[in-house]
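Letter by letter, the chains look like this.
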Amino acid sequence: TQLLEQSPQFLSIQEGENLTVYCNSSSVFSSLQWYRQEPGEGPVLLVTVVTGGEVKKLKRLTFQFGDARKDSSLHITAAQPGDTGLYLCAGGSTNAGKSTFGDGTTLTVKP
Amino acid sequence: GAGVSQTPSNKVTEKGKYVELRCDPISGHTALYWYRQSLGQGPEFLIYFQGTGAADDSGLPNDRFFAVRPEGSVSTLKIQRTERGDSAVYLCASSLSPTGTGTQYFGPGTRLLVL
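So, here is what we can say about the structure in this document. (Residues numbered from 1 in each chain as written. Chains lettered and ligands numbered in written order. Predicted model: local features only at pLDDT ≥ 70, side-chain atom pairs only at ≥ 80, totals over all residues. Heavy atoms only, no water.)

Comments concerning the pairing of strand β4 (residues 31-37) of chain B
All names here are of chain B.
(1) Moving on: Of all seven residues in β4, seven are buried; the element is thus mostly enclosed.
(2) Moving on: Both faces of β4 are covered, namely the face carrying Ala31, Tyr33, Tyr35 and Gln37 and the face carrying Leu32, Trp34 and Arg36.
(3) Moving on: Where β4 meets strand β5 (residues 44-50), six bridges bridge the pair, whose relative direction is antiparallel. Note that in β5 the partner of Arg36 across the bridge is Glu44. (Buried < 20%, exposed > 50% of the residue type's maximum accessible area, 1.4 Å probe, protein only. Helix = DSSP H or I, 4+ residues; strand = E, 2+ residues; numbered from the N terminus. Pairing = 2+ DSSP bridges.)

Here's what the structure looks like:
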């Protein structure tokens, strides 16, 4: 069974601070996705990383895929209240349609 | 439609009743997924369709759960003899590609409460 562990589970910071959240697994994934989910809505894809060591940037968000394709991190610079939400990572396999999700990090950014 | 839609948005039922949850995927998406999300947890895979057939139903918890997609578009998740533990948000997603790198677009979910 492939499991993804996310840390921290909860994070509360002030506007303007930087933060990093982590997604770790003992299994290798062919790809890894990061999603953001707001209350009452489904997850929305932020990024997909597929190559070990890959780094992708999306405005103030930086995503990194570990060299061994077992872990990933999401770094947010100068967090804003609009960044508040549940951040989920999910691993995919080449030959399997399903994604395996972690339990997420709930981020609260206070003004 | 522009995105994945799910109906109803909320469903309250009594233990032992039968429920049906509907998912309308993005037009042209051949892959369709059902997930279940309990409070404080990430989505848990239930089943995925490629076209009309269930390509992987390994996540269905037991034989009370069944899903169909008869014409390769709309899908219905059916739960028989509901139990309180079935209470959760049921999410549907669709994708152009069934592989791990295909982007899955999620609907808003159906919130099921079994009393």
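Picking up where we left off.
So, the sheet that holds strand β7 (residues 61-65) of chain A
Residue and element names in this part refer to chain A.
(1) Moving on: If you trace the five strands from one edge of the open sheet to the other, you get β1-β3-β8-β7-β6, paired in antiparallel fashion. Of all the strands in the sheet, the pair left with one neighbour each is β1 (5-7) and β6 (55-58). Strand-to-strand twist of the sheet, defined as the mean angle between neighbouring strand axes without regard to direction, takes the value 15°.
(2) Moving on: Relative to strand β8 (residues 71-76), strand β3 (residues 19-24) is paired through six bridges, and the arrangement is antiparallel. In the sheet register, Thr20 faces β8, and the bridge partner there is His75. (Axes fitted to C-alpha atoms, helices over the stretch in contact; angles between N-to-C directions.)

Observations regarding the sheet that holds strand β3 (residues 19-24) of chain B
All names here are of chain B.
(1) Moving on: If you walk across this open sheet you meet the four strands as β1-β3-β8-β7, and the pairing is antiparallel. Two strands in the sheet have a free side with no partner beyond their single neighbour: β1 (5-7) and β7 (65-68). The sheet shows a mean angle of 15° between the axes of neighbouring strands, direction not considered.
(2) Moving on: When β1 meets β3, the two strands line up antiparallel, connected through three bridges. Opposite Thr7, over in β3, you have Arg22 as the bridge partner.

Quick word on the pairing of β6(A)
Residues and elements named next belong to chain A.
(1) Moving on: Relative to β7, β6 is paired through four bridges, and the arrangement is antiparallel. If you follow Lys57 over to β7, its bridge partner there is Thr62.
(2) Moving on: The antiparallel hairpin formed by β6 and β7 contains two residues in its connecting segment, where Lys59 sits at a positive phi of about 55°.

Describing the state of the cysteines
(1) Moving on: Inspection of the entire model under this criterion finds two disulfides over all chains.
(2) Moving on: Here A:Cys23 engages in a disulfide with A:Cys89; their sulfurs sit 2.0 Å apart. Handedness of the A:Cys23-A:Cys89 disulfide follows from its S-S torsion of about 80°: it is right-handed. Placement of the pair is A:Cys23 in strand β3 and A:Cys89 in strand β9 (residues 85-93), with a sequence separation of 66 residues. Summarising the burial analysis for this pair, A:Cys23 and A:Cys89 share the class buried.
(3) Moving on: In this model, B:Cys23 is linked to B:Cys92 through a disulfide, with the two sulfur atoms separated by 1.8 Å. (Disulfide = S-S within 2.5 Å.)

Comments concerning the interface of chain A and chain B
(1) Moving on: Taken together, the contact pairs 22 residues of chain A with 22 residues of chain B.
(2) Moving on: Carbon and sulfur atoms make up 52% of the surface buried where chain A meets chain B, a total of about 1500 Å² over both sides.
(3) Moving on: Among the residues chain A hides against chain B, the three largest losses belong to A:Gly97, A:Lys98 and A:Phe101. Together they make up 31% of the total.
(4) Moving on: Taken together, the connections running from chain A to chain B amount to zero salt bridges.
(5) Moving on: Where chain A touches chain B, the interface holds five residue pairs in polar contact (both at pLDDT 80 or more).
(6) Moving on: Going through the elements one at a time, β4 (31-37), β9 and β10 (96-101) of chain A are the ones with two or more residues in the side of chain A that touches chain B.
(7) Moving on: Looking at the side of chain A that touches chain B element by element, the count peaks at five residues for β10(A).
(8) Moving on: Residues of the side of chain A that touches chain B, tallied by class, amount to eight nonpolar, eleven polar and three charged. (Contact = heavy atoms within 4.5 Å. Buried area = accessible area lost by both parts, 1.4 Å probe. Salt bridge = Lys/Arg side-chain N within 4 Å of Asp/Glu carboxyl O. Polar contact = N/O pair within 3.5 Å; in protein donor to acceptor, adjacent residues only side chain to side chain. Nonpolar A, V, L, I, M, F, W, Y, C, P; charged D, E, K, R; others polar.)

Overview of the pattern of salt bridges
(1) Moving on: All chains considered together, the criterion is met by seven salt bridges over all chains.
(2) Moving on: Linking A:Asp83 and A:Arg60 is a salt bridge whose minimum nitrogen-to-oxygen distance equals 2.9 Å. Residue A:Asp83 is located in the loop between β8 and β9, and its partner A:Arg60 is located in the loop between β6 and β7; the two are separated by 23 residues in the primary sequence.
(3) Moving on: Residue classification places A:Asp83 among the buried residues on the basis of a relative accessible area of 8%.
(4) Moving on: Judged by its relative accessible area of 23%, A:Arg60 falls in the partly exposed class.
(5) Moving on: Notably, a salt bridge pairs B:Glu44 with B:Arg36, separated by 3.8 Å at the nearest N-O pair.

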